[in-house]
Amino acid sequence: MLVKFNRCSLALIALFFLSASAFAASEGEPVDLRCEYLVKPLGIDSERPRLTWMLNDSRQGAKQTAYEVIVGTDSIRVGNKDGDLWTSGKISSGSMPVIYSGKKLNRFTRYYWKVVTWDQLGKPAESKVSAFETGMMGQENWKGTWISDHGSIDTKPAPYFRKVFNTTKKLKSARAYIAVGGLYELYLNGKKVGNHRLDPVYTRFDRRNIYVSYDVTEHLQSGKNAVGVILGNGWYNHQSRAVWNFERAPWRNRPAFCMDLRLTYEDGTVEVVGTDLDWKTDQGPIVFNSIYTGEHYDARREQKGWNTVDFDDAKWHGVMYRAAPSQNIVSQALHPIRNVETIPAKSVKKINDTTYLFDLGRNIAGVSRISVQGAEGTTLRLKHGERLYPNGRLDMSNIDVYYRPLDNTDPFQTDIFILSGKGTEEFMPKFNYKGFQYVEVTSSKPVTLNKESLTGYFMHSDVPVAGSIHASDELINKIWQATNNSYLSNLYGYPTDCPQREKNGWTGDGHFAVESGLYNFDGITIYEKWIADHRDEQQPNGVLPDIIPTGGWGYGTANGTDWTSTIAIIPWNVYLFYGDSRLLEESYENIKRYVDYIEHRSPSGLTSWGRGDWVPVKSQSSLELTSSVYYFVDASILAKSAKMFGRNDDFTYYSALAAKIKKAINDKYLDRGKATYASGTQTELSVPLFWGVVPNELKAQVASNLAKKVEESNFHLDVGVLGAKAILNALSENGQAETAYKLARQDTYPSWGWWIVNGATTLYENWDIKAARDISLNHMMFGEIGAWLYKGPGGIRPDEASPGFKNVLLEPHVVAGLNSFEAKHKSPYGEIISSWKKTDKKTSYTFVIPANSTATVCLKVAEGKRVFTSGKALKETDFISTNVDAQGKKVLNLAAGTHIFEVR
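Residues numbered from 1 in each chain as written. Predicted model: local features only at pLDDT ≥ 70, side-chain atom pairs only at ≥ 80, totals over all residues. Heavy atoms only, no water.

Regarding the layout of surface pockets
Inference 1: Taken as a whole, the largest pocket encloses approximately 830 Å³ of empty space.
Inference 2: Lining the largest pocket are 28 residues, with W572, L576, K640, F690 and E800 positioned closest to its centre.
Inference 3: Elements that contribute at least two residues to the lining of the largest pocket include exactly α5 (514-520), α8 (566-578), α11 (623-644), α13 (682-690) and β37 (796-798).
Inference 4: Residues of the lining of the largest pocket, tallied by class, amount to 14 nonpolar, 5 polar and 9 charged. (1 Å grid on protein atoms, 1.4 Å probe; cavity = no way out; pocket = protein on both sides within 12 Å on 5 of 7 lines; lining within 4 Å. Points joined across faces, edges and corners; volume = space filled by probe spheres on them. Helix = DSSP H or I, 4+ residues; strand = E, 2+ residues; numbered from the N terminus. Nonpolar A, V, L, I, M, F, W, Y, C, P; charged D, E, K, R; others polar.)

Structure, rendered in structure tokens:
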């Protein structure tokens with residue numbers, strides 16, 4: 001078919017393609033501009049926010065040789081490279097992040113910024129204009145007062161609040177800032193504001209509170225407007241009883257909130273609608289809510305339109321003032337919790353006229369939504385769990401073991417929905433989440449349900465994906481997916497141990513999984529928040545509890561180095577992955593107090609302070625050995641940090657302390673003649689190897705003994721959590737990659753693969769799937785394998801000498817049983833790809849190094865083989881070193897770009 005275009009049509013087509021191309025990043029352009037690791041964030045409190053970007057440049061050798069940052073209050077002027085707040089000038093640097101260093105930032109102000117970069121040829125490129133907006137920037141800037149209803153800590157129904165106000169002039173913009181003790185949902189003119197869940201994130205409420213910022217301009221109308229708020233208990237008013245004594249938390253109180261609705265008019269004037277005694281309150285259909293157990297909703301108590309202008313609130317009550325829970329109220333500058341994934345029920349089984357069993361087909365954390373018709377007063381119980389009894393009914397015996405109910409009115413992991421009888425009704429809890437695969441629905445009267453009646457929502461902190469793994473072995477892919485499912489199931493503004501039985505921020509679980517988290521997800525905002533929780537919880541003498549936050553539980557005798565080393569290990573890993581030292585610097589004095597406390601109680605250099613190798617298969621390992629290794633790790637991180645921050649006296653002292661601890665460990669536990677530690681368990685050999693305690697000259701022998709120990713168990717695990725963190729890395733990094741892979745992909749008990757072949761879609765708490773205790777089916781404490789896949793077969797590691805993957809260390813391990821492997825990781829500079837494929841005659845490698853990064857590549861080249869690129873063999877002089885560790889390895893440096901090699 002021949003289509004004819006006139007001159008006007010051609011002009012329009014040309015204009016369309018010109019406009020479309022304007023939205024696509026041009027070669028070399030700075031892209032993905034972020035402030036405080038967020039895209040165009042609201043409510044930034046930092047006086048010196050961090051700015052980052054990447055280069056859209058796939059050319060070989062692409063790099064940033066200089067940059068200029070422009071910041072101002074006028075987007076057009078900034079677009080023209082004229083900033084009234086800060087123009088950095090041309091800075092010769094390719095590193096990130098860049099710290100804002102301009103004029104003092106004002107509160108409640110929108111700032112625009114862009115960056116100009118110069119490439120390796122000296123050619124400049126400009127980004128598009130981005131923005132960030134400051135928030136309160138100080139407790140003193142709040143206008144509203146903390147308010148609540150007149151309920152007590154024992155009042156069960158959730159309080160509802162409302163207020164009607166007028167916009168008096170033409171509105172330019174509106175922002176809502178809300179701080180809450182507990183949880184909340186915010187409404188304007190009948191519509192929920194935002195898509196966050198379980199805001200604000202959990203903190204130590206009597207030491208730090210979080211406020212959330214929203215752009216609500218589009219929610220408001222000319223004239224009268226209505227604002228509504230529902231408060232939930234969350235961790236602030238824990239009414240359910242469990243062994244961790246949260247009902248005794250020193251902050252516990254009836255939920256309360258403070259809000260400023262800041263209205264900016266076209267004429268430049270500002271009006272603040274704040275919380276005060278003009279608000280009104282009542283109770284509604286949420287008759288009970290517990291973050292730990294469930295939510296009870298009586299639809300007969302609904303007050304339609306309660307959050308709209310025309311609602312009659314004559315029967316509502318006055319509010320009361322309350323003291324702020326703390327004097328430290330800070331912005332929630334992190335990726336929020338959301339319903340991230342919708343999961344339809346895979347099947348439903350009708351057990352009888354009043355009982356149905358729904359199966360989502362996978363284990364998740366989150367909530368379910370039910371849609372149902374029934375007579376008024378019909379009561380539905382939605383019981384959530386991970387496994388079934390042989391008769392097909394829901395089995396909670398693996399997850400309700402720490403619950404201590406006072407009566408039967410608050411069943412575990414169970415929502416209660418009482419119908420109004422008015423047509424089709426829907427219910428999804430607002431202030432609760434659970435861990436589950438199955439939902440058993442029972443009703444007081446017969447109802448008709450089908451597979452579409454119930455939907456699951458996978459809820460977690462909505463951190464961006466940063467990595468992917470694809471192996472020719474499908475079992476490996478499933479283990480990786482299960483690891484990610486467990487990691488996300490346990491990410492709720494802080495890392496937890498499990499989403500059903502506890503929901504606790506166990507410190508050990510957090511640092512065992514930190515590398516898995518950072519390879520797979522952009523999690524810096526969550527970790528910075530959680531380490532701030534650590535600083536809130538730390539005792540003056542340096543001691544930390546082993547669950548954080550805590551209402552007081554966890555300061556016992558076992559909260560030692562193997563768990564609470566989070567205070568050092570997580571900031572250090574954030575530094576390695578992001579090249580950003582801020583968290584490490586903010587935590588420096590806390591790490592120092594922690595290490596000083598251990599030294600005080602363990603002056604010899606050895607300590608037995610800790611929990612040990614939790615949930616081992618069978619072999620028990622020395623508590624003193626493993627705890628002392630973590631003490632060494634903490635002292636080493638402190639010494640390195642001291643050097644980084646110019647604290648020379650501290651560097652000298654803690655370097656000597658680390659050396660003392662290492663010597664004490666080796667003097668007592670290392671048999672130099674046999675190259676073994678303690679009794680020679682898998683954990684006792686792998687932990688010193690992984691954490692750098694083994695003398696260099698003995699590493700190969702200790703690794704060989706570890707490999708023999710693994711082979712003795714027919715390539716099966718015999719470790720607990722400390723060994724699981726160390727063993728794969730200890731093998732791979734010390735010449736035993738084949739053994740590591742055989743261990744990782746094992747599919748019989750005990751192994752990660754054993755869980756998978758038995759139907760797991762998440763990681764378990766126990767190697768024994770029939771264990772009598774410690775058998776949550778969604779735990780992350782054995783999740784290091786998710787990081788090892790990047791470090792071992794993928795070979796991608798950060799370079800301590802050039803962190804943030806400014807220089808990438810690449811040493812992929814090609815192993816028997818895998819025909820191909822690909823690992824991708826989005827670093828602060830862009831996506832790194834390490835892939836390989838082997839045949840009988842050759843192994844092909846493809847490496848992609850992002851612009852503004854470099855790489856150091858180490859390839860294992862067997863005797864008689866050569867390395868080729870573009871069909872040409874590399875000369876020995878092309879390598880910076882050869883025969884590394886007598887393994888036939890060859891090392892070369894790579895610039896940014898795509899590099900393809902063959903070893904044949």
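Further notes follow.
Quick word on the sheet that holds strand β2 (residues 50-56)
Inference 1: Strands sit in the order β1-β2-β5 across an open sheet of 3 strands; the sheet is antiparallel. Two strands lie at the open edges of the sheet, namely β1 (29-35) and β5 (98-99), each paired on one side alone.
Inference 2: As paired elements, β1 and β2 share 5 bridges and run antiparallel to each other. If you follow E29 over to β2, its bridge partner there is N56. (Pairing = 2+ DSSP bridges.)

Details of the packing of helix α10 (residues 588-601) against helix α12 (residues 648-669)
Inference 1: Orientation of α10 relative to α12, taken along the N-to-C sense of each, is 40°, at an axis distance of 13 Å. Overall, the two elements α10 and α12 adopt an arrangement that is oblique. The interaxial crossing formed by α10 with α12 has left-handed handedness. Along its contact with α10, which presents Y588, K592, V595, D596 and E599, the element α12 presents D650, Y653, Y654 and L657.
Inference 2: Per-class residue counts for the contact of α10 with α12 are 5 nonpolar, no polar and 4 charged. (Axes fitted to C-alpha atoms, helices over the stretch in contact; angles between N-to-C directions. Parallel < 35°, antiparallel > 145°, perpendicular 65-115°, else oblique. Left-handed = near helix turned anticlockwise from the far one by under 90°. Contact = heavy atoms within 4.5 Å.)

Quick word on the environment of L38
Inference 1: The residue L38 is located in the loop between β1 and β2 in this model.
Inference 2: Sequence separation between L38 and Y494 is 456 residues, and the spatial gap between their C-alpha atoms is 17 Å.
Inference 3: Residue contacts for L38: discarding those within four places in its chain leaves A333, L334, H335 and T525.

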